Amino acid sequence: MIYSVALDGPGGAGKSTIAKKVAALKGILYVDTGAMYRAVALYMLENGVDINDEKSVCAALENVQVDLAYQDGAQRVLLCGEDVSDTIRRSRVSMAASVTSAYKCVRAFLLDAQRDVAARQSVVMDGRDIGTVVLPSAQVKIFLTADSRVRARRRYKELTEKGVQTDFDSVLADIEKRDWQDIHRRQSPLKQAQDAVLVDTSEMDFDRAVRAVLSVIESKLGE
Ligand code: DC
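The following paragraphs examine the structure supplied in this document. From a predicted model like this one, the values you see are computed outputs, not experimental measurements.

Parameters at a glance
- Position numbers for residues count from 1 along each chain, tracking the sequence in the order it is written.
- Reporting of local features is limited, given that this is a predicted model, to residues whose pLDDT is at least 70; pairs of side-chain atoms are given and counted only at 80 or more, and all residues count toward the totals for whole chains, interfaces and linings.
- Hydrogens and waters are ignored; side-chain quantities use all the structure's heavy atoms.
- Throughout, disulfides are identified as pairs of cysteine sulfur atoms within 2.5 Å of each other.
- Going along the chain from the N terminus, every DSSP run of H or I of four or more residues is numbered as a helix, and every run of E of two or more is numbered as a strand.
- To qualify as a nonpolar core, a set must consist of buried Ala, Val, Leu, Ile, Met, Phe, Trp, Tyr and Cys residues joined through side-chain atoms within 4.5 Å.
- The buried label applies to any residue whose accessible area, calculated with a 1.4 Å probe on protein chains only, is under 20% of its type's maximum; exposed applies above 50%, and partly exposed to all values in between.
- Here, two residues are considered to be in contact whenever any of their heavy atoms come within 4.5 Å of each other.
- Multiplying 1.5 Å by the helix residue count minus one yields the expected span of that helix.
- Taken from the helix axis, the directions to the C-beta atoms give the arc we talk about.
- Residue proximity to a molecule or strand is established when one non-hydrogen atom of the residue lies within 4 Å of it.
- Think of a polar contact as two N or O atoms within 3.5 Å of one another; within protein, one of them needs to be a possible hydrogen donor and the other a possible acceptor, and neighboring residues in sequence only count if both atoms come from side chains.
- Using the Shrake-Rupley algorithm and a 1.4 Å probe, accessible areas are obtained, with residue cover drawn only from the displayed protein chains.
- Each residue is assigned to one class: nonpolar for Ala, Val, Leu, Ile, Met, Phe, Trp, Tyr, Cys and Pro, charged for Asp, Glu, Lys and Arg, and polar for all the others, Gly among them.
- Each axis is a line fitted through C-alpha atoms, taken for helices only over the stretch in contact, and angles between the N-to-C directions span 0 to 180 degrees.
- Roughly parallel means an angle under 35 degrees; roughly antiparallel, over 145; roughly perpendicular, 65 to 115; everything else is oblique.
- Should the near helix be turned counterclockwise from the far one by less than a right angle, the crossing is left-handed, whereas a clockwise turn marks it as right-handed.

Structural notes on the state of the cysteines
Counted according to the given criterion, the structure contains one disulfide. Disulfide pairing places cysteine 58 opposite cysteine 105 at an S-S distance of 2.1 Å. Here cysteine 58 and cysteine 105 share a disulfide; its torsion about the S-S bond, -80°, makes the bridge left-handed. Remark: cysteine 105 occurs in helix H5 (residues 104–120) and cysteine 58 occurs in helix H3 (residues 54–60); sequence separation between them is 47 residues.

As structure tokens, then:
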């Protein structure tokens, strides 16, 4: 049976690392839809398109191609054929993605591709609107969250371990600004689907969070 797990929640809640692990344990595909929004934003930044001008962003989409590829089980994102999986993680791209993902044309542009992957195979799809808009009939819907200070602490640790110079307050401010933008936009705002199970990872370590998500999946699928 093909099934979908919709995993939504704010940035920094641990969705991608947890989703990757869960997908590997269940032997199904992990799809990171945030990476697709980031690739669109990167295109705009690299091509001098004013990201605050919705009309220009929509017009530029005509030249954008975003594809997902899988190498040794890891998702790679291709922008017009070029692997941009690392570049899209920069904080300038995060902020730009939060702006351009609010545009209806950008959401419509990526929607079919997201639905197509899930129609072909079982997936854990992570994003903001997977349970509410992209896959409203997903067999399993989970809303994964954590307190913003906890999310900022994790992000800060991750960045400093990578050698990125930053300070905690600006990481927290970035997270809160992105939350605000994602929750308050008109198109597909970040919100928990009515039938989603809430998993709050504020007090959980990684292994416990993975177990919590697995147990929701198994109980929903009747395993
Ligand atoms: O999950 P992320 O941080 O990689 O997402 C980057 C941006 O894309 C974020 O601001 C929210 C947006 N996004 C979205 O609007 N819908 C999705 N399904 C996934 C991400």
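So, next bit.
Side note on the nonpolar core
Counting residues in hydrophobic clusters, the biggest one holds 26 residues, and the most contacted among them are Val40, Met44, Val64 and Val66. When residues of this core are traced back to their parent elements, those giving at least two are helix H2 (33–46), H3, strand S4 (74–79), helix H4 (91–100) and H5. If sequence neighbours within four positions are ignored, valine 40 has contacts with Leu61, Val64, Val66, Val106, Phe109 and Leu110. If you look at the next biggest cluster of nonpolar residues, it comprises 22 residues, including Ile18, Val22, Val199 and Ala209.

Details of helix H8 (residues 168–184)
Residues three or four positions apart in an α-helix share a direction because the helix packs 3.6 residues into each turn. With 17 residues, H8 should cover 24 Å at 1.5 Å per step; its first-to-last C-alpha distance of 24 Å lies within 8% of that length. Residues Phe168, Val171, Leu172, Ile175, Arg178, Asp179 and Asp182 constitute the buried set of H8. Projected onto a plane normal to the axis of H8, the buried residues spread over an arc of 130° and lie on a single side. Within H8, the exposed residues directed more than 90 degrees away from the buried face are Asp169 and Trp180. Along its buried surface, H8 packs onto H2, H4 and helix H7 (148–161).

Overview of the site of the ligand
Close contacts around the ligand come from 16 residues, with Arg38, Arg107, Arg128, Asp129 and Arg185 the closest. At 3.0 Å from an oxygen atom of the ligand is found a side-chain nitrogen or oxygen belonging to arginine 178. The fraction of the free accessible surface of the ligand (450 Å²) that becomes covered by protein chains is 96%. Listing elements by their share of the shell around the ligand, those giving two or more residues are H2, H4 and H8. Among the elements that line the shell around the ligand, the one with the most residues is H2, at four residues. Taken together, the residues of the shell around the ligand break down into three nonpolar, five polar and eight charged.

Digging into the packing of H2 against H5
Close contact between H2 and H5 brings their axes to 11 Å; oriented N to C, the two are set at 140°. In terms of orientation, H2 lies oblique with respect to H5. Relative to H5, the crossing made by H2 is right-handed. Contacts from Thr33, Met36, Tyr37 and Val40 of H2 reach H5 at Val106, Arg107, Phe109, Leu110, Ala113 and Gln114. Here the residues of the contact of H2 with H5 are counted per class, giving seven nonpolar, two polar and one charged.

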